[in-house]
Amino acid sequence: MVTQPLEPDACFGDARWAAMYDQLDANRADLEHYVAIVDELDASSVLDIGCGTGVLALMLADEGVDVVGVDPASASLTVARSKPGSGRVRWIDGDATTLDDATPPPSVELALMTGNVAQVFLTDEAWMATLLGARRALRPGGHVVFETRIPSRRAWEKWTREASAHHTDVEGVGRVESWVDVTHVDLPFVTFDGVVRLPDGQSINSTSTLRFRERAEVEASLVDAGFTPIEVREAPDRPGKEFVFIARRNDGGFDSELGDGSPAQS
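Residues numbered from 1 in each chain as written. Predicted model: local features only at pLDDT ≥ 70, side-chain atom pairs only at ≥ 80, totals over all residues. Heavy atoms only, no water.

A. View of helix H3 (residues 55–62). Where H3 is concerned, the buried positions are Leu 56, Ala 57, Leu 58, Leu 60 and Ala 61. Gly 64 lies just past H3 and shows a positive phi near 90°. (Buried < 20%, exposed > 50% of the residue type's maximum accessible area, 1.4 Å probe, protein only. Helix = DSSP H or I, 4+ residues; strand = E, 2+ residues; numbered from the N terminus.)

Dropping the structure here:
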């Protein structure tokens, strides 16, 4: 059975935006933390869920890690596949729920979700399906690691045009202005517009919604999906602003055939 992947926000599917993304978001020091976690957990194979243009996947491949990158935005994957060294990464067009349709399905020691990825799943059903998809891709004893913003820090209050606007000189394009602007807050959901204005006056516009889950809610969902929460850290580049969850696949007392994340009944 072929499963339909998550529909990405409009910007991620725009070839113009994808080609500029790495220059618009050039400071990816946050990813060094995840490279360190891969080393800490001694993982030789990694699934990068929501890999985008492949920055983290290629960083890990450079370290000798066997990497699978999956993303539902074909435009972003096109950029990833065009980069030097991209042949060392297996790229899959889809998301965590469609991995079973890949030939062969990924089998890894660690699944990662960086950036906003864990917050784009708005319903409990979509989030659980993602966790279960990651779990099926993990070998026994494997780990899942991801970050989410801490709701009480109210990060969205700074997502205004005035606070977020910046200009970037993009090679081959010129001076580009970009910003985000919150349009609706109905917790746990926050909706905002993202705009990239090109030198010719054209704009690439996208509307996104993120869900801000509390720590206890996330930990409970991990247990329901067959994981044992191990640790919750602060993101070192954004202390006090984000949770980083580390959980291990629980292979005892869990029926992977249930499909609903429920613990097996004895």
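B. Focus on the sheet that holds strand S6 (residues 166–170). Taken in spatial order, the 4 strands of this open sheet run S6-S7-S8-S9, and their pairing is antiparallel. Looking at which strands have only one partner, the edges of the open sheet turn out to be S6 and strand S9 (203–211). Recorded for the sheet is a direction-independent mean angle of 25° between the axes of neighbouring strands. Alignment of strand S8 (residues 189–197) against S9, held across 9 bridges, turns out to be antiparallel. Residue Val 196 lies in a different strand from S9, and its bridge partner there is Ile 204. Along the sheet, helix H1 (residues 15–24) contacts S6, strand S7 (174–186), S8 and S9; its crossing angle with S6, the most-contacted strand, is approximately 105°. (Pairing = 2+ DSSP bridges. Axes fitted to C-alpha atoms, helices over the stretch in contact; angles between N-to-C directions. Contact = heavy atoms within 4.5 Å.)

C. View of the nonpolar core. Leu 47, Ile 49, Met 113, Phe 146 and Leu 222 are the most contacted members of the largest nonpolar core, which has 31 residues in total. Of all the elements in the fold, those that place two or more residues in this core are strand S1 (45–49), strand S2 (66–71), strand S4 (108–113), helix H5 (124–137), strand S5 (138–149), helix H7 (215–224) and strand S11 (242–249). When residues of this core are assigned to their parent elements, the largest contribution, 6 residues, is made by H5. Not counting the four nearest positions on each side in its chain, Ile 49 is found in contact with Val 70, Ala 96, Ala 111, Leu 112, Met 113, Val 117 and Ala 134. Among the nonpolar cores identified, the runner-up in size contains 25 residues, and Cys 51, Leu 56, Ala 61 and Val 65 belong to it. (Core = buried A, V, L, I, M, F, W, Y, C linked by side-chain atoms within 4.5 Å.)

D. Structural view of H5. When the terminal C-alpha atoms of H5 are compared, their 20 Å separation across 14 residues agrees well with the 20 Å that a helix rising 1.5 Å per residue should span. Within H5 the residues assigned to the buried category are Trp 127, Met 128, Thr 130, Leu 131, Leu 132, Gly 133, Ala 134, Arg 135 and Ala 137. Looking at the buried residues of H5, the elements they touch are S1, S4, S5, H7, strand S10 (227–234) and S11. (Expected span 1.5 Å × (residues − 1).)

E. Here's a closer look at the sheet that holds S5. The strand order across the open sheet formed by 7 strands is S3-S2-S1-S4-S5-S11-S10, and the pairing between neighbours is mixed. Every other strand in the sheet has two partners, leaving strand S3 (89–93) and S10 as the edge strands with one partner each. Each neighbouring strand pair of the sheet contributes to a mean axis angle of 20°, computed without reference to strand direction. Relative to S11, S5 runs antiparallel, the two being bridged by 7 bridges. Looking at the pairing, Thr 148 lines up with Phe 243 of S11. Across the sheet, H7 is in contact with S5, S10 and S11; its angle to S10 comes to roughly 150°.

F. Local environment of the pairing of S4. The buried fraction of S4 is high, at 5 of 6 residues. Relative to S5, S4 runs parallel, the two being bridged by 5 bridges. Looking at S5, one finds that Ala 111 is bridged to Val 144.

G. Representation of the packing of aromatic side chains in the model. Under the criterion given, the structure shown has 8 aromatic pairs. A network of ring pairs unites the aromatic residues Phe 121, Trp 127, Phe 146, Phe 243 and Phe 245 as a single cluster. Seen from the ring of Trp 179, Arg 161 lies directly overhead, with NZ or CZ sitting 3.7 Å from the centre. (Phe/Tyr/Trp six-rings, centres within 6.5 Å; stacked < 30°, edge-to-face > 60°. Lys NZ or Arg CZ within 6 Å of the ring centre and 35° of its normal.)

H. Looking closely at the packing of H1 against helix H4 (residues 74–81). Close contact between H1 and H4 brings their axes to 8 Å; oriented N to C, the two are set at 45°. If you check the angle between H1 and H4, you find them oblique. You can see that H1 and H4 cross each other, and the crossing is right-handed. For the pair H1 and H4, contact is made by Ala 15, Trp 17, Ala 18 and Ala 19 and by Ala 75, Ser 76 and Val 79, respectively. (Parallel < 35°, antiparallel > 145°, perpendicular 65-115°, else oblique. Left-handed = near helix turned anticlockwise from the far one by under 90°.)

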